[in-house]
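Survey of secondary and tertiary structure
Listed below, chain by chain, are the residues.
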Amino acid sequence: EDKHLRFRRALIGLPRKQGKSLMGSSLALYGLFAGEAGAEVYSAAGDRQQGRIVFGEAKQQILQSQLLSQECKVYRDAIEVPRHGAVYRVLSSDGKLQQGLNPSLVIFDELHVQPNDDLWDALTLGSGARLDPLVIAITTAGFDLDSLAGRLYNYGKAVSANEIQDDSFGFYWWEAKPDCKINNKVEWRKSNPNLALGLLDEEDMEVSVRQTSEMAFRRFRLNQWVRTQESWL
């Protein structure tokens, strides 16, 4: 009703091969072009190379569009929109070096690999002066529910179950039922939206369920949290 974005923080959980990087790049470009004047958009990940994946997708979208290309200056690790004074950059995983930033939108790719909370804290606490700040983590399930990603997952589950009231937190997580059989195709479609839409080959899922370990399949294809390669949560 106040014309601002619905959320301040969001966690999106998807298995592999669901277009997470494309989703992240589209959200980043939204923040760059449709965000407030002087927007600062950042791609963050466990390492700089991982962060460049989402950034690279966004760069390709700009370079393939005559309209967007005319509005931007594209560099190796930055994209500028001079008309709005907006910039989009890739960050390293060193949170200590990011304390002075003023982000309007942050895309965290594969949050489950973050070794600690430093970068997340630096970027979320640095956006308080923004009109419409948003930090979005897009990830696959990890190993440790005591990690940053695991704690946010549990928080999102509590919000979605109305155990915690927090209208500023967006939680979108596709996962199979914990006790399902790994060859249950109904659960495949439930946890893999691209499979349900016909954008992922079911035969590839069938090959994966036969040729990979059960724990790897549960984590990467059913998006279930696991403790180790031998047990799941």
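Structure: see above.
To keep things clear, this report deals only with the structure shown in the data block. Everything numeric in this text was worked out from a predicted model, so none of it was measured. (Residues numbered from 1 in each chain as written. Predicted model: local features only at pLDDT ≥ 70, side-chain atom pairs only at ≥ 80, totals over all residues. Heavy atoms only, no water.)

1. Points about the overall build of the chain
The line we're drawing: Each helix is a run of DSSP H or I of at least 4 residues and each strand a run of E of at least 2, with the numbering of both proceeding from the N terminus. Exposure classes here rest on a 1.4 Å probe applied to the protein chains alone. A residue is buried below 20% of its type maximum, exposed above 50%, and partly exposed in between. Contacts: residue pairs with any heavy atoms within 4.5 Å of one another. In this description, accessible areas are obtained by the Shrake-Rupley approach with a 1.4 Å probe, and a residue is regarded as covered only by the protein chains that are shown. His is not counted, nor are the chain ends, whereas Lys and Arg count as positive and Asp and Glu as negative. Just so you know, the charge point we use is NZ for Lys, CZ for Arg, CG for Asp and CD for Glu.
Per the secondary structure count, the chain includes nine helices and eight strands. Along the longest, intermediate and shortest principal axes, the C-alpha atoms of the chain span 55 × 40 × 35 Å. Here the chain, with 233 residues, has 49% of them falling under the buried criterion. Partitioning the intrachain contacts of the chain with sequence separation of at least 6 by distance along the chain shows that 68% fall at a separation of at least 24. Accessible surface computed for the chain: about 11,900 Å², of which carbon and sulfur atoms make up 50%. Distance between charge centroids for the chain: 3 Å, based on 28 positive and 31 negative side chains.

2. A short note on unusual backbone geometry
We note that Lys 17 has phi near 70°; this positive angle belongs to a residue other than glycine. Within the element layout of this structure, Lys 17 appears in the loop between strand 1 (9–13) and helix 1 (20–34). A positive phi is found at Glu 110, a non-glycine position, where the angle reads about 50°. Judged by its relative accessible area of 14%, Glu 110 falls in the buried class.

3. Structural notes on the pairing of strand 4 (residues 78–81)
Defined as follows: Here, any two strands with at least 2 DSSP bridges between them count as paired.
With two bridges joining them, strand 3 (residues 73–74) and strand 4 adopt antiparallel strand pairing. In the sheet register, Lys 73 faces strand 4, and the bridge partner there is Glu 80. What sits between strand 3 and strand 4 in their antiparallel hairpin is a turn of three residues. In this sheet, strand 5 (residues 86–90) lies alongside strand 4 in antiparallel orientation, the contact comprising four bridges. Bridged to Ile 79 within strand 5 is Tyr 88. The turn linking strand 4 back onto strand 5 is made up of four residues, and Gly 85 within it adopts a positive phi angle of 65°.

4. Considering the pattern of salt bridges
Heads up, the rule is: Think of a salt bridge as a Lys or Arg side-chain nitrogen and an Asp or Glu carboxyl oxygen that are within 4 Å of each other.
As enumerated under the stated definition, the model contains 14 salt bridges in all. With a closest N to O distance of 3.6 Å, Arg 130 and Glu 40 form a salt bridge. Placement of Arg 130 in the loop between helix 4 (118–125) and strand 7 (134–139) and of Glu 40 in strand 2 (residues 40–44) is noted, with a sequence separation of 90 residues between them. A salt bridge links Glu 175 to Lys 157, with the nearest nitrogen and oxygen atoms 2.8 Å apart. Residue Glu 175 is located in the loop between strand 8 (169–173) and helix 6 (185–191), and its partner Lys 157 is located in helix 5 (residues 148–160); the two are separated by 18 residues in the primary sequence. Residue class for Lys 157 comes out partly exposed when judged on its relative accessible area of 34%.

5. Focus: the layout of surface pockets
Selection rule: Grid points spaced at 1 Å and placed over the protein atoms alone form the basis of the search, with a cavity being a set where a 1.4 Å probe fits but cannot get out and a pocket an open set showing protein on both sides within 12 Å along at least five of seven lines. Lining residues have an atom within 4 Å of a point. Grid points are joined across faces, edges and corners, and a volume is the space filled by probe spheres set on the points. Note on residue categories: nonpolar means Ala, Val, Leu, Ile, Met, Phe, Trp, Tyr, Cys or Pro, charged means Asp, Glu, Lys or Arg, and polar means any other residue, Gly included.
Reported here for the largest pocket is a volume of approximately 310 Å³. The dominant element in the lining of the largest pocket, judged by the number of residues it contributes, is helix 1, at four residues. Residues that form the lining of the largest pocket fall into these classes: eight nonpolar, four polar and four charged. Quantified by volume, the second largest pocket comes out at close to 200 Å³. Taken together, the elements giving at least two residues each to the lining of the second largest pocket come down to helix 5 and strand 8. The greatest single-element share of the lining of the second largest pocket, amounting to four residues, is contributed by strand 8. Residue composition of the lining of the second largest pocket, by class: six nonpolar, four polar and three charged.

6. A word on the sheet that holds strand 6 (residues 105–109)
For clarity, the cut-off: Angles shown run from 0 to 180 degrees and are taken between the N-to-C directions of axes, each axis being a line fitted to C-alpha atoms and, for helices, limited to the stretch in contact.
A sheet is described by the order of its strands in space; here eight strands give the open sequence 3-4-5-2-6-7-1-8, paired in mixed fashion. Edge positions in the sheet fall to strand 3 and strand 8, since each of these pairs with one other strand and no more. Where strand 1 meets strand 8, five bridges bridge the pair, whose relative direction is parallel. Opposite Ile 12, over in strand 8, you have Tyr 172 as the bridge partner. Sheet strands touched by helix 4: strand 1, strand 2, strand 6 and strand 7. Its angle to strand 6, the strand with the most contacts, is close to 165°. Packed on one face of the sheet, helix 5 meets strand 1 and strand 8 and runs near 100° to strand 8.

Purely geometric stuff here, so don't read any function into it on its own.
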